[in-house]
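# A structural walkthrough
These are the residues of each chain, in order.
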Amino acid sequence: MIAVANGGGALSRREFLKASGAAAGVLVIGAAIPRIALAQQRGGAEAAIGKTLDASEVDGFFAVHADGSVTLFSGKVDLGTGLRIAIPQMAAEELGIDVARIRIIEGDTGLTPDQGATAGSTGIMRGGVQIRQAAATAREALIGIAAQRLGRPAAELEAVNGEVRPRAGGAGLGFGELIGDKRFGLKLDAKAPLRDPSAYTMVGKPIKRPDVPAKVTGRHVYMQDFSVPGMLHGRVIRPSSVGAKLVSVDEASIRGIGNARVVRINDFVGVVADDEWDAIRAARALKATWTKEEGLVGDAGVRDWMRRGPFEADETLMKRGDARAALAAGKPLKASYYWPVQSHASMGPSCAVVDLRDGKAMVWSASQATHRLRGIVARLMQLPAEAVRVVYLDGAGCYGMNGHDDAAADAALLSRATGRPVRVQWMREDEHAWDPKGPPQLLDLEGTLTPDGRIGAWKTEMFLPRATASLPNVPLLGPAAAGIAQPMGISTGLISQNGNPPYAAPNVEVMVHWLKDAPLRPSNIRAPGKVANCFAVESFTDELAAAAGRDPVEFRLQGLGDARGIEVLKRTVALLGWQPRPSPAPTANGKGVAVGRGMAYMHYKNNETYVAVAMEVEVDRGSGAIRVKRLACAHDCGLVINADAVRAQIEGNLLQTLSRTLHEETKFDRSAVSSRDWSSYPILKFPEVPEMLIDVVDRPKEPPLGAGEAAATPVPAALANAVFDACGVRLRTAPFTRERVKAAMVAMATENKRKA
Amino acid sequence: MPTYRLSVNGESRSVTVSDPKQPLLYVLRNSLGLTGAKYGCGLGQCGACTVHIGGKAVRSCLVPVSSVGAKRITTIEGLGTPEAPHPVQAAFIAEQAAQCGYCVNGMVMTSAALLAQKPRATLGECKAALAGNLCRCGTQHRIERAVMRVSQGAGSKA
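Given the structure is predicted, the values throughout are model-derived calculations rather than measurements. (Residues numbered from 1 in each chain as written. Chains lettered and ligands numbered in written order. Predicted model: local features only at pLDDT ≥ 70, side-chain atom pairs only at ≥ 80, totals over all residues. Heavy atoms only, no water.)

### Points about the overall build of chain B
- When helices and strands are counted, chain B shows six helices and five strands.
- From first element to last, N terminus to C terminus, chain B shows the α and β order β-β-α-β-β-β-α-α-α-α-α.
- For chain B, the C-alpha radius of gyration of 15 Å lies close to 15 Å, the compact-globule estimate for 158 residues.
- With the C-alpha coordinates of chain B rotated into their principal frame, the extents come out at 50 × 30 × 25 Å.
- Burial status across chain B gives 59% buried among its 158 residues.
- Taking all contacts inside chain B whose residues are at least 6 apart in sequence as the whole, residues at least 24 apart take part in 57%.
- Here chain B displays about 5,600 Å² of accessible surface, and carbon together with sulfur accounts for 54% of that area.
- Taking the 17 positively charged and 7 negatively charged side chains of chain B as two groups, their mean positions are separated by 4 Å. (Helix = DSSP H or I, 4+ residues; strand = E, 2+ residues; numbered from the N terminus. Rg over C-alpha atoms; globule rule 2.2 N^0.38 Å. Buried < 20%, exposed > 50% of the residue type's maximum accessible area, 1.4 Å probe, protein only. Contact = heavy atoms within 4.5 Å. Areas by Shrake-Rupley, 256 points an atom, 1.4 Å probe, with all protein chains shown as cover. Lys, Arg positive; Asp, Glu negative; His and termini not counted. Charge placed at Lys NZ, Arg CZ, Asp CG, Glu CD.)

So, in structure tokens, the structure goes:
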């Protein structure tokens, strides 16, 4: 065993071999990895090492080569969302070159500027827009150089198809001739003119993603497929209860499993082996004894815990009129909504390869924030930032911060301890149990109607875990177990947005009771907080509409002033063939299978994408099963960069959130997470996939906004509203499992009997 | 350490492993460099590791290498290439039926096995065949369209 106290220095390879008793000449299995494919994927990027990484410099983002092709260095990465084509489309359009001549390098701290994490649906609206401005600056510079060479005024020239040529016609000069392999040496010019959207030839087109052919033929090299020579496979053994201390490790328990050996650093315990299967077997066989901790509230206790606190602060987020007085003066409708702890539930467990030797670290990671991870690894491993390079490779979709950064820290610890490059891939149970979780949310709503059936007063009271101010990152598991100091606290993403009704109301108050902690380590999960907030706000809007005896669409439209919002709302219900009438449906008291429709609307973050969702559902009154038959969505994210990629993001948001709403809740007791696989944490399956009707509104004259999150948010409320319409049952707790729907039916029947 | 001779993508390959129970998935990925099949759960619950053995779609994470014998193994790499994709792969490209694409190996292999058996598979048969294949990105609709593209074009040149 290698015991390293307090995260001390690495052992040399010789010390390691001596300590672990590894025999020389062990057969190394697992060298034949398609490195050629990877080299093609990365396109000889190494040659550019040493270039500027400055995001205020054109050279930070672009290199024009002698052959006229262009390399684009993007700090934002493609997490499966299509940025890999969309950002080059934006750049190609502004430069004036075919998108096929642009090669993109993503999220490599040695090559790309830091554009912040690929999170919050900002890839296009911030990252892409920044790169577009760099491209416009570069194009103006190329025109300037050509003007000198051709002896003509710049105003007479244009950049088209990779060359600068006279607008009037005649010979031009290729980009390669103008600047090939030389630096621009220019700051981004915020005033560099952008092309007129009416003349776009590439932006907006459904250009096919370059990575799909390799992905569907098994050639694309994912993080999980990547290896380096001499690499060990590592697995980390997590404690049997959250917060447990390691009492003892029986090294002999893995004797005979290949050349597997134990690495222990305080409470951090891992195994490494030349062969991956040996590492897996050893991790399973290793006898480790842990203290028993019972510090969790358990999934069944979360709601009470959220009401009880401890709290850190109350905060008023919005105040208009006097909601409290108006509510006290009337007979308010009141309802509470609960959203459970959920996992990112990535298909591929998190993975990283780290080679930490000689005071330097190479990190390959699928992190959504490679630049942030670089700083984390440097801090944890006590290396200067310049000594750490993080290179992004595609992982399984993460939808927020899953275990990728944890896996990188695990691999760094094991690599430092062994002096070898180490690949760590989490097992399925690691990902489900230990990925940082989407935090729970509880919302109390109160509202009144005016005599003419409008919203009179509205109060939203949220109970939310409070993100720790200026916490640089989610605290990571491996370093915490290894006793390495790191900034502690919790991270959630911006979870208090959109707690307000997007409709006119004279008296509105939105406030939040900030909780000091969270039931399990949280992080940002797709559309942080806004899935649950929209669930509450748009369900409650429906409850008010029903109380007013109004059609839910008409009720919303009478209070909606934003033309773009009105348009997506109208387009959405038109897709479904919505007939105006109040909910519930006249057939709601029938027997057997109930049919209903519902809708919800969202103006994302109150200033970004507009989206509405409507759906038609069947509810089996006997089993409690919900079946979504048709799912409609109109979506306005301003200028559309790639029409098909936007559509794919909408589809993904809708289906993933349908899954989260119908099925998903992380189960845990006082000690640990018990939903550790796909049967205890089920997600949506093919037979449940509804017909989908999508309408993408393109607004070429508006700035491009995000499509990666917004369409997720109206799904739960639209579904709850449709179930209410179908059978009169109001679901206010997710997920909408059969058991929960049946229980709600029974409760409603009992209530109706009592009233009768 | 035991050595096995496997028939993979039409070639005879010899592999030496430390454990006869080692799942085929790890042999393909680590010994043979065929990383198209992915580890997703190791439990046969997600389908990311699907390969064909004797023409049937099988979860390679649950198949001990010692049990394969002379049966013919086909992986996604053996189905087609980016330049010459199998009709199912071509349909996945046409429909852009992948987001992150981690699950897509299983989607392609399960669909190809279905269509080999039922070239005119209906949407219902497609959904049933893929019921054990999970996708987290929400690409199911495109995958259905890709399978339907092949089944409805069967007989003609798709």
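### Things to note about the overall build of chain A
- For chain A, the helix and strand inventory stands at 20 helices and 25 strands.
- On C-alpha atoms alone, chain A measures out to a radius of gyration of 28 Å, which is about the 27 Å that the 2.2 N^0.38 rule sets for 756 residues.
- When the backbone C-alpha atoms are referred to their principal axes, chain A occupies close to 85 × 80 × 45 Å.
- A total of 756 residues make up chain A; the buried ones form 62% of that total.
- Residue pairs in contact within chain A that sit at least 24 positions apart in sequence constitute 79% of those at least 6 positions apart.
- Only carbon and sulfur atoms are counted for the fraction: they give 52% of the accessible area of chain A, which is about 26,700 Å².
- Side-chain charges of chain A comprise 92 positive and 82 negative groups, with the mean position of each set lying 2 Å from the other.

### Things to note about the domain arrangement of chain B
Residue and element names in this part refer to chain B.
- According to the domain assignment, chain B contains domain 1 (3–78) and domain 2 (80–153).
- Computed over C-alpha atoms, the centres of domain 1 and domain 2 are 20 Å apart.
- Of the residues lining the interface, 20 residues belong to domain 1; the matching set on domain 2 comes to 13 residues.
- Carbon and sulfur atoms supply 52% of the area buried between domain 1 and domain 2, which totals about 1,200 Å² over both sides. (Domains from an automatic or database assignment. Buried area = accessible area lost by both parts, 1.4 Å probe.)

### As for helix H4 (residues 104–117) of chain B
Residues and elements named next belong to chain B.
- Spanning 14 residues, H4 covers 20 Å between terminal C-alpha atoms, matching the ideal 20 Å at 1.5 Å per step.
- Counting buried positions along H4 gives 12 out of 14 residues, so the element sits mostly inside the fold.
- All of the buried residues along H4 are Val104, Asn105, Gly106, Met107, Val108, Met109, Thr110, Ser111, Ala112, Ala113, Leu114 and Leu115. (Expected span 1.5 Å × (residues − 1).)

### Things to note about the domain arrangement of chain A
Residues and elements named next belong to chain A.
- Taken domain by domain, chain A comprises domain 1 (45–216), domain 2 (224–292 + 344–434) and domain 3 (533–755).
- Just the C-alpha atoms count here: the centres of domain 1 and domain 3 sit 39 Å apart.
- At the interface, 21 residues of domain 1 touch 17 residues of domain 3.
- Of the roughly 1,400 Å² buried where domain 1 meets domain 3, counting both sides, 60% is carbon and sulfur surface.
- Taken together, the connections running from domain 1 to domain 3 amount to 10 residue pairs in polar contact (both at pLDDT 80 or more).
- Elements with a contribution of two residues or more to the side of domain 1 that touches domain 3: helix H4 (83–95) and helix H5 (123–150).
- Residue classes in the side of domain 1 that touches domain 3 are distributed as 12 nonpolar, six polar and three charged. (Polar contact = N/O pair within 3.5 Å; in protein donor to acceptor, adjacent residues only side chain to side chain. Nonpolar A, V, L, I, M, F, W, Y, C, P; charged D, E, K, R; others polar.)

### As for the interface of chain A and chain B
- At the junction of the two partners, chain A supplies 68 residues and chain B supplies 56 residues.
- Where chain A meets chain B, there are seven salt bridges.
- Where A:Glu651 meets B:Arg145, a salt bridge forms, and the shortest distance between an N and an O atom there is 3.9 Å.
- Class assignment for the residues of the side of chain A that touches chain B results in 32 nonpolar, 17 polar and 19 charged. (Salt bridge = Lys/Arg side-chain N within 4 Å of Asp/Glu carboxyl O.)

### Brief notes about the pairing of strand E4 (residues 56–59) of chain B
Residues and elements named next belong to chain B.
- As paired strands, strand E3 (residues 50–53) and E4 are joined by four bridges and run antiparallel to one another. Paired with Val51 across the strands is Val58, a residue of E4.
- As consecutive antiparallel partners, E3 and E4 are separated by two residues, and within that stretch Gly54 has a phi angle of approximately 60 degrees, a positive value. (Pairing = 2+ DSSP bridges.)

### Side note on helix H18 (residues 643–662) of chain A
- An ideal rise of 1.5 Å per residue puts 28 Å on 20 residues; H18(A) measures up with 29 Å between its terminal C-alpha atoms.
- In terms of burial, H18(A) is a largely internal element, 17 of the 20 residues being buried.

### Concerning the packing of aromatic side chains
- With the rule as written, the count across this model stands at 10 aromatic pairs over all chains.
- Ring plane angle 45 degrees and centroid distance 6.2 Å describe the contact between A:Tyr503 and A:Tyr601, whose orientation is recorded as tilted. A residue pair is termed long-range when its members are at least 10 positions apart, and A:Tyr503 in the loop between helix H14 (477–482) and strand E21 (507–515) and A:Tyr601 in strand E22 (residues 593–603) qualify at 98 residues. Comparing A:Tyr503 with A:Tyr601, the two get one shared label, buried.
- Ring centres 6.4 Å apart and planes at 35 degrees place the aromatic pair B:Tyr26 and B:Tyr39 in the tilted group. Residue B:Tyr26 is found in helix H1 (residues 24–31), and its partner B:Tyr39 is found in the loop between H1 and E3; the two are separated by 13 residues along the sequence. Neither B:Tyr26 nor B:Tyr39 differs from the other in exposure class; each is buried.
- Here the aromatic residues A:Tyr337, A:Trp339, A:Phe535 and A:Phe736 are joined through ring pairs into a cluster of three or more.
- For the cation-ring pair, A:Arg597 lies above A:Trp578, with the distance from its terminal atom to the ring centre recorded as 3.8 Å. (Phe/Tyr/Trp six-rings, centres within 6.5 Å; stacked < 30°, edge-to-face > 60°. Lys NZ or Arg CZ within 6 Å of the ring centre and 35° of its normal.)

### Points about the packing of helix H3 (residues 87–94) of chain B against H4(B)
Residue and element names in this part refer to chain B.
- For the pair H3 and H4, interaxial distance at closest approach is 9 Å and the crossing angle is 130 degrees. With respect to H4, the element H3 is oriented oblique. The handedness of the crossing between H3 and H4 is right-handed. The residues of H4 that touch H3, namely those facing Val88, Gln89 and Phe92, are Val104, Met107, Val108, Ser111, Ala112 and Leu115. (Axes fitted to C-alpha atoms, helices over the stretch in contact; angles between N-to-C directions. Parallel < 35°, antiparallel > 145°, perpendicular 65-115°, else oblique. Left-handed = near helix turned anticlockwise from the far one by under 90°.)

### Focus: the environment of A:Ala457
Residues and elements named next belong to chain A.
- With respect to the helices and strands, the residue Ala457 is situated in strand E20 (residues 455–465).
- Ala457 sits 105 residues away from Asp562 along the chain, and the two C-alpha atoms are 20 Å apart.
- Residue contacts for Ala457: discarding those within four places in its chain leaves Ala323, Ala326, Leu327, Glu446, Gly447, Thr448 and Asn507.

### Describing the sheet that holds strand E25 (residues 691–697) of chain A
All names here are of chain A.
- One open sheet accounts for four strands, arranged E22-E23-E24-E25; its pairing is mixed. Since the sheet does not close on itself, it has two edges, and those belong to E22 and E25, each with one partner. Adjacent strand axes in the sheet meet at a mean angle of 10 degrees, parallel and antiparallel pairs treated alike.
- Both strand E23 (residues 610–620) and strand E24 (residues 626–636) contribute to a ladder of 10 bridges, which runs antiparallel. For Val617, the partnering residue across the bridge sits in E24 and is Val628.
- Seen against the sheet, helix H17 (residues 563–576) touches E22, E23, E24 and E25 and runs at an angle of roughly 145 degrees to E24.

### So, the side chain of A:Asp444
All names here are of chain A.
- One can find Asp444 in strand E19 (residues 441–449).
- Among the polar contacts made by the side chain of Asp444, one reaches the side chain of Arg307 at a distance of 2.8 Å.
- One polar contact links Asp444 to Ser336, side chain to side chain, over a distance of 2.6 Å.
- What Asp444 contacts, discounting residues up to four positions off in sequence, is Arg307, Ala335, Ser336, Lys459, Thr460, Glu461 and Phe463.

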